[in-house]
Each structure stands twice: as C-alpha cells, then as structure tokens.
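As a plain string of letters, each chain reads:
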Amino acid sequence: MKFQKHVFICTNQKEAPKKSCGAEHGAALIEAFKQELTKRGRQKDIRAQKAGCLDACAFGPTVVVYPEGTYYGNVQLSDVEEIVENHLINDQPVERLRLEF
C-alpha cells in the first residue's frame, strides 16, 4: 500500500442556502492537513487531499480517514493538529468530532 492512511476533505460546493463543506473552509482544511503532515515529516506515508461530496453535508466540514473509514464532522482549522497527532499518527480517533452513521 502506498499510503498508511488517506485523509479525504470534502470541498463540495452547493448553492445557498444549502450547507456546503467547500464554502465552510474545505480548501483551507486541505492546506492545514498538508502543512501539519509536512511539519511532522509524514507527508510521504499519510496523504491528505480534496474530495467531492462525502454525503454528510449537515455535519460539514466533513473529513474521512481511510483505511478505517472514520468520519469527522464540523472540523475546524483548530482541530487539524489534534486529528493528525491523535488519529493519523497514534491511531486514536478524536471521539468529540467522530460521526457515527
């Protein structure tokens, strides 16, 4: 497997008044994840990238981590460091952001 973990950040754009992860700062989240992974020297084994709709718009901005399939909702820029440290590096999901379907 090329990457140990893969982080998909929704950047889907919907017309107002519908909630949209892209409009909520999806693109900024991608950059924040990439910067945090690079800062920790993990950009070669953990990939963060944009995604289309993750079908959880009501909970956006939404992020999903594979291979676990862990969904996070209402992710803010201030949450990125915690997700990277706890989940991506130490395999401990951030329960306060976790979505259960």
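Residues numbered from 1 in each chain as written. Predicted model: local features only at pLDDT ≥ 70, side-chain atom pairs only at ≥ 80, totals over all residues. Heavy atoms only, no water.

Let's shift gears to the sheet that holds strand β1 (residues 5–10). Taken in spatial order, the 5 strands make up an open sheet running β2-β1-β3-β4-β5, and their pairing is mixed. This sheet does not close on itself; its edge strands, each paired only once, are β2 (46–51) and β5 (98–99). When strand β3 (residues 63–66) meets strand β4 (residues 70–72), the two strands line up antiparallel, connected through 3 bridges. Directly across from V65, in β4, lies its bridge partner T70. (Pairing = 2+ DSSP bridges. Helix = DSSP H or I, 4+ residues; strand = E, 2+ residues; numbered from the N terminus.)

Going from G60 to P61, the amide bond is cis rather than trans, its omega being 0°. Relative to the assigned elements, P61 resides in the loop between β2 and β3.

Between two packed helices, what matters for the description is the angle formed by their axes and the separation of those axes. Between helix α1 (residues 26–39) and helix α2 (residues 80–89), whose axes approach to 9 Å, the crossing angle comes to 50°. Relative to α2, α1 is oriented oblique. Classified by chirality, the crossing of α2 by α1 is right-handed. When α1 is examined against α2, the residues L29, A32, F33, E36 and L37 are found in contact with a partner set consisting of V80, E81, I83, V84 and L88. In the contact of α1 with α2, the residues fall into 8 nonpolar, no polar and 2 charged. (Axes fitted to C-alpha atoms, helices over the stretch in contact; angles between N-to-C directions. Parallel < 35°, antiparallel > 145°, perpendicular 65-115°, else oblique. Left-handed = near helix turned anticlockwise from the far one by under 90°. Contact = heavy atoms within 4.5 Å. Nonpolar A, V, L, I, M, F, W, Y, C, P; charged D, E, K, R; others polar.)

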